[in-house]
Amino acid sequence: MSQIEEEKVLDAFSKGVGILVIQEELSCLESDISRILIKYKEKNRQKNSFSDDFKKLIAERDMHNVPRKTIATELRINVATVSKACKQFGQKTKGRVSSYNLYSEIVGINNLKRCPNCNSEKVNRIESLVRNFNTSGIFCMDCGNEYFELKGKFYHINFEYID
Ligand SMILES: [Zn+2]
């Protein structure tokens, strides 16, 4: 990819654009985007940390309500590194709630008889109201995660957004 495309990817990334959207806008592959991000990361790697520019990129994406876990996965760094960068250059804590990121779809499951996270069967059925839809969901007694089903799709509730 060209220098200009690399800059476009980094710019969109900092503005909180989802990887799939960047992919479509630039009509490239997910692996292209991943390669650009990882290359940028390596370029900004310092002894025991990363450059301020790299940390600012993380903090900006975080401020656009992209979950920290997602940012960590995208950049292949740990969540603690993401949190540290955010503390230094952005939001101290995740306070705002955004419906865009509040739920994330879980693929590859057909029911909620077991916890999709830890596979436990100790799940409590719960009813919840999500965007005016009545949904049925579960609360896992073992790992504390919550999931719900809506129109045949399954979602995880991202608690990190709820104060
Ligand atoms: Zn669980």
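As the structure is a computational prediction, the values presented were derived from the model and not from experiment. (Residues numbered from 1 in each chain as written. Predicted model: local features only at pLDDT ≥ 70, side-chain atom pairs only at ≥ 80, totals over all residues.)

Along helix 6 (residues 79-89), the positions that sit buried rather than exposed are Val 82, Ala 85 and Cys 86. The buried residues of helix 6 occupy an angular sector of 100 degrees when the element is viewed end-on, so they sit on one face. As for helix 6, its buried residues are in contact with helix 4 (52-63) and helix 5 (68-75). (Buried ≥ 20, exposed ≤ 12 C-beta atoms within 10 Å, placed from the backbone. Helix = DSSP H or I, 4+ residues; strand = E, 2+ residues; numbered from the N terminus. Arc of directions from axis to C-beta. Contact = placed C-beta atoms within 7 Å.)

The next subject is the nonpolar core. Counting 16 residues, the largest nonpolar core has Val 9, Ile 58, Ile 71, Val 82, Ala 85 and Cys 86 as its most contacted members. Elements that contribute at least two residues to this core include exactly helix 1 (3-14), helix 3 (30-43), helix 4, helix 5 and helix 6. It is helix 4 that contributes the most residues to this core, 4 residues altogether. Other than its neighbours up to four places away in sequence, Cys 86 contacts Ile 58, Ala 59, Asp 62 and Gln 91. Judged by nonpolar contacts, the second largest core, of 7 residues, contains Cys 115, Cys 140, Tyr 147 and Phe 154. (Core = buried A, V, L, I, M, F, W, Y, C linked by C-beta atoms within 7 Å.)

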